[in-house]
Amino acid sequence: MRGLGIDLCDVRRIERALENPRFLERYYTQEERAYLRQRGQAAACSAAAMFAAKEAFLKALGLGIGSVALCDIGVSHEPGGAPAYRLTGEALQRLGGGRAYLSLTHEAGMAAAVCVIEGEAEHA
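Everything quoted here is computed from the prediction, not taken from an experiment.

Caption draft 1: Broad picture of the side chain of D72. As for its placement among the helices and strands, D72 is situated in the loop between α4 (43–60) and β2 (73–77). Notably, D72 is buried but unbridged: the nearest opposite-charge side chain belongs to K54, and the N-O separation is 8.8 Å. Those residues in contact with D72 that sit more than four places away from it in its chain are R86, L87, T88, G89, E90 and A91.

Caption draft 2: The arrangement of the packing of helix α3 (residues 30–38) against α4 in detail. At their nearest, the axes of α3 and α4 sit 8 Å apart, and the two run at 155° to each other. Between α3 and α4, the interaxial angle falls into the category roughly antiparallel. Once α3 is placed against α4, the crossing between them reads as right-handed. Judged by residue contacts, E32, Y35 and L36 of α3 engage A43, S46, A47, M50 and K54 from α4. In the contact of α3 with α4, the residues fall into five nonpolar, one polar and two charged.

Caption draft 3: Region of the structure containing the sheet that holds strand β1 (residues 3–10). The sheet built from three strands is open, its strands ordered β1-β5-β4 with antiparallel pairing. The sheet terminates laterally at β1 and β4 (99–107), the two strands that pair on one side only. Neighbour to neighbour, the strand axes of the sheet diverge by 15° on average, direction disregarded. Inspection of the sheet shows β1 paired to strand β5 (residues 110–118) by eight bridges, in the antiparallel sense. Paired with L8 across the strands is A112, a residue of β5.

Caption draft 4: Quick peek at the pattern of salt bridges. Within this structure, the stated rule accounts for five salt bridges. D10 serves as the salt-bridge partner of R12, at 3.2 Å between the closest nitrogen and oxygen. Note that E32 and K54 form a salt bridge whose closest N and O atoms lie 2.9 Å from each other. With a gap of 22 residues between them, E32 in helix α3 and K54 in helix α4 connect regions that are remote in the sequence. Across this residue pair, the class does not change: E32 and K54 are buried.

Caption draft 5: Representation of the pairing of β5 within the structure. In terms of strand pairing, β4 meets β5 through nine bridges, oriented antiparallel. When the sheet's bridge partners are listed, L102 is paired in β5 with C115. Here β4 hands over to β5 after two residues, with A108 in that stretch at a positive phi of 50°.

Scoring rules and cut-offs
Per-chain numbering applies: the sequence of each chain, read as written, is numbered from 1 onward. At least 70 in pLDDT is required for a residue's local features to be given in this predicted model, at least 80 for side-chain atom pairs to be given and counted, and no such filter applies to totals for whole chains, interfaces and linings, which use all residues. To get the side-chain values, take all heavy atoms of the structure and skip hydrogens and water. To qualify as a helix, a DSSP run of H or I must reach at least 4 residues; to qualify as a strand, a run of E must reach at least 2; elements of each kind are numbered from the N terminus. Under the scheme applied here, a residue whose accessible area is under 20% of the maximum for its type counts as buried, over 50% as exposed, and between as partly exposed, the area being computed with a 1.4 Å probe on protein chains only. When charges are counted, neither His nor the chain ends are considered; positive counts come from Lys and Arg and negative counts from Asp and Glu. In what follows, salt bridge is the name for a side-chain nitrogen of Lys or Arg lying within 4 Å of a carboxyl oxygen of Asp or Glu. Two residues form a contact once any of their heavy atoms are found within 4.5 Å. To get an axis, a line is fitted to the C-alpha atoms, and for a helix only the part in contact is used. The angle between two axes follows their N-to-C directions and goes from 0 to 180 degrees. Oblique is the label for every angle not falling under 35 degrees (roughly parallel), over 145 degrees (roughly antiparallel), or within 65 to 115 degrees (roughly perpendicular). Each helix crossing is assigned a hand: it is left-handed if the near helix lies turned anticlockwise from the far helix by less than a right angle, otherwise right-handed if that turn is clockwise. All residues other than Ala, Val, Leu, Ile, Met, Phe, Trp, Tyr, Cys, Pro, Asp, Glu, Lys and Arg, Gly among them, are scored as polar; the first ten of these are nonpolar and the last four charged. Strand pairing follows a simple DSSP-based rule, namely that at least 2 bridges must link the two strands.

Below is the structure:
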């Protein structure tokens, strides 16, 4: 195992942030925004879990917020519903040759994400 990250996000905080349309454009991929539009009243819970996933990924790499654009850290769902990372740009480059695994949950107004990274980083 190369890295482990965990993050917890308050759903109400994200709910308030969603009132500003620029929030979604700034921090979420186009695929994530489309998914959230389909979630109806569960959108804030899903958005909070995705935000936590982005931060958990950065923590697993030993990085802080702002070191990689959060739009480069996408979250999608496999056909069975399991969450998965869809990395682009700097996030994919930082992952190197490794693989990132993701688990999400939300309960009682909180959303949590755990990221496990395995494999070695590619060295330039």
